[in-house]
Amino acid sequence: MAEMWINMGPQHPMTHGLWNLRVKVDGETIVDAEPVVGYLHRGWEKLVENRMYPQIIPLSDRLCYGASMSWSHLYCLTIEELMGVEVPERAEYIRVIVLELQRIASHLMWLAAYGTDLGLLTGFVYAMRERELFLDLLQSVSGARMTYNYMRIGGVRNDLPPNFERDCLRTLDYFEKKLDEYEQIYDGSDIFLMRTQDIGYLKPADAINLGVTGPTLRGSGVKIDIREHDPYSVYDELDWDICTHPDCDCYARYRVRMDEMRMSCHIIREAFKKMPDGPVRVKVPRNAPKRTAFARVEDPRGEGLMYVIGDGTDRPFRLKVRSPIFVTVSAVPIMLKGYKVADVPAIMGSVDMCLGETDR
Amino acid sequence: MNSTGGLETSGSTEEAIVDAVRKTFPDGVTIGGIAPRRIFARADRAIIYKLCEFLKNELKFDHVSCVTGVDRIDRFQVVYHLSSYENRCVLEITVDIPHDDPEIDSVTPLWGGANWHEREAYDMFGIRFKNHPRLERIFLPEDTQYFPFRKDFKLGRQ
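Residues numbered from 1 in each chain as written. Chains lettered and ligands numbered in written order. Predicted model: local features only at pLDDT ≥ 70, side-chain atom pairs only at ≥ 80, totals over all residues. Heavy atoms only, no water.

Colleague: Looking at this structure, I do not really get helix α5 (residues 121–142) of chain A. What am I missing?
Modeller: Each full turn of the α-helix corresponds to 3.6 residues, which orients residues three or four apart in the same direction. All names here are of chain A. A rise of 1.5 Å per residue sets the reference length of α5, with its 22 residues, at 32 Å; its end C-alpha atoms lie 31 Å apart and thus fit the reference within 8%. When we look at burial in α5, the residues that qualify are G123, A127, E130, R131, F134, L135, L137, L138, V141 and S142. When α5 is viewed along its axis, its buried side chains cluster within an angular range of 160° and face the same direction. In the core, the buried residues of α5 are packed alongside α3 (68–83), α4 (89–117) and α6 (164–187). A positive phi of about 95° marks G143, the residue just after α5. (Helix = DSSP H or I, 4+ residues; strand = E, 2+ residues; numbered from the N terminus. Expected span 1.5 Å × (residues − 1). Buried < 20%, exposed > 50% of the residue type's maximum accessible area, 1.4 Å probe, protein only. Arc of directions from axis to C-beta. Contact = heavy atoms within 4.5 Å.)

Here's what the structure looks like:
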């Protein structure tokens, strides 16, 4: 049969954002694929060259509305590295707590979206419902539901609100019971298993060479997590473990994210136990020195890295963002080849696309 | 994990990597500094492919975190952040390239992860990567006539 190219996107229910997947098909089988991005390119890196360092914090929130806390954290971490700022210990623990809450919220949004991709509408409604609990917690900390503007260079904006620990631990207890329920819904669905198991195979060597990071890499059985591998904040003082799964398919990526949500609950409990009293923010200089710095973190979607060049003024000379999904999506052709067109939503959904950070 | 990835050393992993690089590339590589899990270096553009090949095959730098283009006004720079999962170390390599001849060897044949980063650097700065499998614009339309992240491309308010 003749081969032909099909455009899936920029308007397509599978895309979860504004991008285009071109697939070359032979009948129903995918023989080649080509992701096309750039529809959302805002010139973020150029834009911030015109802004003062503190003004960029709310902009970095907008890199990904699903995980905005971790992006503004990465930005602040990079500038602290550039300016040589030491963050108070209590602020580091608060950061870990809100980052893990953000990770759970992000993974829940992914779980909900994956449910709709694969026809599990109950899973969508349930996961979105529980995500709201975590957004409420983050709102009580920062005042905003999604773009928080809470991280500051040299700490966090304010201390935790009264009774936050109680509310947070109650939510976690409730959520862990609900997580068992989701596993019954998802793992108990034969359709879900048929559509994810042995689909979207990505072997570990390819995953490493193509720069894939995050749950997609750990779903290929590679035990790498920057929180442990290149520890930042106080992750090295907490007792936790990396979640991996050896299957290398869409189901493995689903499993890794489910386990990570449990692990995040565990990390938050540990952090509350060890959290000291003290200040949450230090004063930082207005101008950055003439040098370069970079920092990297484990975003909910993979490795985030920012590289900044300071030129002695109050604005960055250059700020480069390494977005995890930008690299992961360049590796999807290898996951798609050989599968059917009907498998595309399952494979692309398992990557957890976010176009705001991809296009910047 | 305290593995040094097969390196014979009595000092830290970072020092062992620096020693190995210095021994193989006596000219062309300058080590700017070492910090825990961080190495900063500068390299000549003529040896960048050979250096990266050595780093990948002998020193187990198996992951490209980032390839950055920079416009320093009098010159361009390409900054590589390479990381090693086994040695737990990030190596930053800065390479200067002249403004009137922005060309450098591509490292995409070594690491597929560098592919889109190099395309982005080409798209935004016009830096050409030799032997790149497909050096085309990635964010902007094909017929764009300018490179918007260059410093001589001004925004409205500047």
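Colleague: What am I meant to see in the pairing of strand β4 (residues 75–84) of chain B here?
Modeller: Side-chain positions along a regular strand alternate between the two faces of the sheet. All names here are of chain B. Counting buried positions over the 10 residues of β4 gives nine, a clear majority of the element. In terms of strand pairing, strand β3 (residues 63–71) meets β4 through eight bridges, oriented antiparallel. Each residue of the ladder has a partner; that of H63, found in β4, is S83. Where β3 hands over to β4, the hairpin turn is made up of three residues, of which I73 adopts a positive phi near 75°. Two elements, β4 and strand β5 (residues 89–98), share 10 bridges in a ladder whose sense is antiparallel. Along β5, the bridge assignment pairs S84 with C89. Hairpin connection between β4 and β5: a loop of four residues separates the two successive antiparallel strands, and R88 in this loop has a positive phi of roughly 55°. (Pairing = 2+ DSSP bridges.)

Colleague: I tried to follow the packing of aromatic side chains on my own but got confused; where do I start?
Modeller: For any two aromatic rings, the description comes down to two numbers: the centre-to-centre distance and the angle of the planes. Counted according to the given criterion, the structure contains 18 aromatic pairs over all chains. Between the aromatic rings of F164(A) and F272(A), the centroid separation amounts to 6.3 Å while the plane-to-plane angle is 50°, which identifies the pairing as tilted. Of this pair, F164(A) sits in helix α6 while F272(A) is found in helix α11 (residues 250–274), placing the two residues 108 residues apart along the sequence. The pair F164(A) / F272(A) is uniform in exposure class, with both members buried. Here the aromatic rings of F326(A) and F139(B) are separated by 5.6 Å at their centres, their planes lie at 40°, and the arrangement is tilted. A residue pair is termed interchain when its members come from two chains, as with F326(A) in helix α12 (residues 324–330) and F139(B) in the segment after β7 (128–130). Taken individually, F326(A) and F139(B) each receive the classification buried, so the pair is uniform in this respect. Connected via pairs of aromatic rings, a cluster forms that spans W110(A), Y114(A), Y186(A), F192(A), Y251(A) and Y254(A). Positioned above the aromatic ring of Y235(A) is the side chain of R227(A), whose terminal nitrogen or guanidinium carbon lies 5.8 Å from the ring centre. The ring centre of W110(A) lies 4.5 Å from the NZ or CZ of R257(A), which sits over that ring. (Phe/Tyr/Trp six-rings, centres within 6.5 Å; stacked < 30°, edge-to-face > 60°. Lys NZ or Arg CZ within 6 Å of the ring centre and 35° of its normal.)

Colleague: Is there a simple way to think about the side chain of E357(A) in this case?
Modeller: All names here are of chain A. Tracing the backbone shows E357 in helix α15 (residues 355–359). The buried charged residue E357 lacks any salt bridge, with R301 as its nearest oppositely charged partner at 4.5 Å. Those residues in contact with E357 that sit more than four places away from it in its chain are L63, C64, W71, D299, R301, S323, P324 and I325. (Lys, Arg positive; Asp, Glu negative; His and termini not counted. Salt bridge = Lys/Arg side-chain N within 4 Å of Asp/Glu carboxyl O.)

Colleague: What is the right way to look at the interface of chain B and chain A in this model?
Modeller: How big an interface is tends to be stated in terms of accessible area lost as the parts join. Facing 45 residues of chain B, the contacting portion of chain A comprises 41 residues. When the two sides are added together, the surface that chain B and chain A hide from each other amounts to roughly 3800 Å², 57% of it contributed by carbon and sulfur. When the buried area of chain B at its contact with chain A is split by residue, Y85(B), W116(B) and F139(B) rank highest and sum to 21% of it. The interface formed by chain B and chain A holds seven salt bridges in total. E34(A) is the partner of R134(B) in a salt bridge, and the nearest nitrogen-oxygen pair spans 3.0 Å. (Buried area = accessible area lost by both parts, 1.4 Å probe.)

Colleague: What exactly am I supposed to notice about the sheet that holds strand β6 (residues 292–299) of chain A here?
Modeller: The strands making up a sheet associate through hydrogen bonds between their backbones, and the pairing can be parallel or antiparallel. Residues and elements named next belong to chain A. With antiparallel pairing, the three strands of this open sheet are ordered in space as β6-β7-β8. Bordering the open sheet on either side are β6 and β8 (316–322), each of which pairs with just one other strand. The mean angle between the axes of side-by-side strands here comes to 15°, regardless of whether they run parallel or antiparallel. In this sheet, strand β7 (residues 302–310) lies alongside β6 in antiparallel orientation, the contact comprising eight bridges. Within β7, the residue paired with D299 across the bridge is G302. Its contacts with the sheet put α3 on β6, β7 and β8, and the angle it makes with β6 is roughly 150°. (Axes fitted to C-alpha atoms, helices over the stretch in contact; angles between N-to-C directions.)

Colleague: Please explain α3(A) as it appears in this structure.
Modeller: Residues and elements named next belong to chain A. Taking 1.5 Å of rise per residue, the 16 residues of α3 would be expected to cover 22 Å, and the 23 Å separating its terminal C-alpha atoms lies within 8% of that figure. Most of α3 sits inside the fold, with 15 of its 16 residues counted as buried. Following α3 by one or two positions, G84 has its phi on the positive side, about 70°.

Colleague: Quick question: what am I supposed to make of the packing of α11(A) against helix α14 (residues 344–351) of chain A here?
Modeller: Residue and element names in this part refer to chain A. Put simply, α11 and α14 touch, their axes get as near as 9 Å, and they point 30° apart. Handedness of the crossing formed by α11 with α14: left-handed. Contacts between α11 and α14 involve C250, R253 and R257 from the former and A346, I347, S350 and V351 from the latter. Each residue belonging to the contact of α11 with α14 can be placed in one class, and the counts come to four nonpolar, one polar and two charged. (Left-handed = near helix turned anticlockwise from the far one by under 90°. Nonpolar A, V, L, I, M, F, W, Y, C, P; charged D, E, K, R; others polar.)

Colleague: Just checking my understanding: could you explain the sheet that holds strand β3 (residues 29–36) of chain A for this structure?
Modeller: Residue and element names in this part refer to chain A. As summarised here, the arrangement of the three strands in space is β1-β2-β3, forming an open sheet in which the pairing is antiparallel. Sheet topology places β1 (3–8) and β3 at the edges, where each strand pairs with a single neighbour. The mean inter-strand angle of the sheet, taken between neighbouring strand axes irrespective of direction, is 20°. Summarising the sheet, β1 and strand β2 (residues 20–26) pair through six bridges and their orientation is antiparallel. Within β2, the residue paired with I6 across the bridge is V23.

Colleague: Can you help me understand the environment of R227(A) in this one?
Modeller: Residues and elements named next belong to chain A. By the secondary structure assignment, R227 is in helix α10 (residues 226–229). Each C-alpha atom of the pair R227 and A205 lies 22 Å from the other, and the pair is 22 residues apart in sequence. With residues near it in sequence (within four places) discarded, R227 still touches E100, R103, Y232, Y235, W240, E260, I267 and E298. Side-chain polar atoms of R227 contact the side chain of E100, separated by 3.3 Å. Reaching out from R227, the side chain makes a polar contact with the side chain of D225 at a distance of 2.8 Å. (Polar contact = N/O pair within 3.5 Å; in protein donor to acceptor, adjacent residues only side chain to side chain.)

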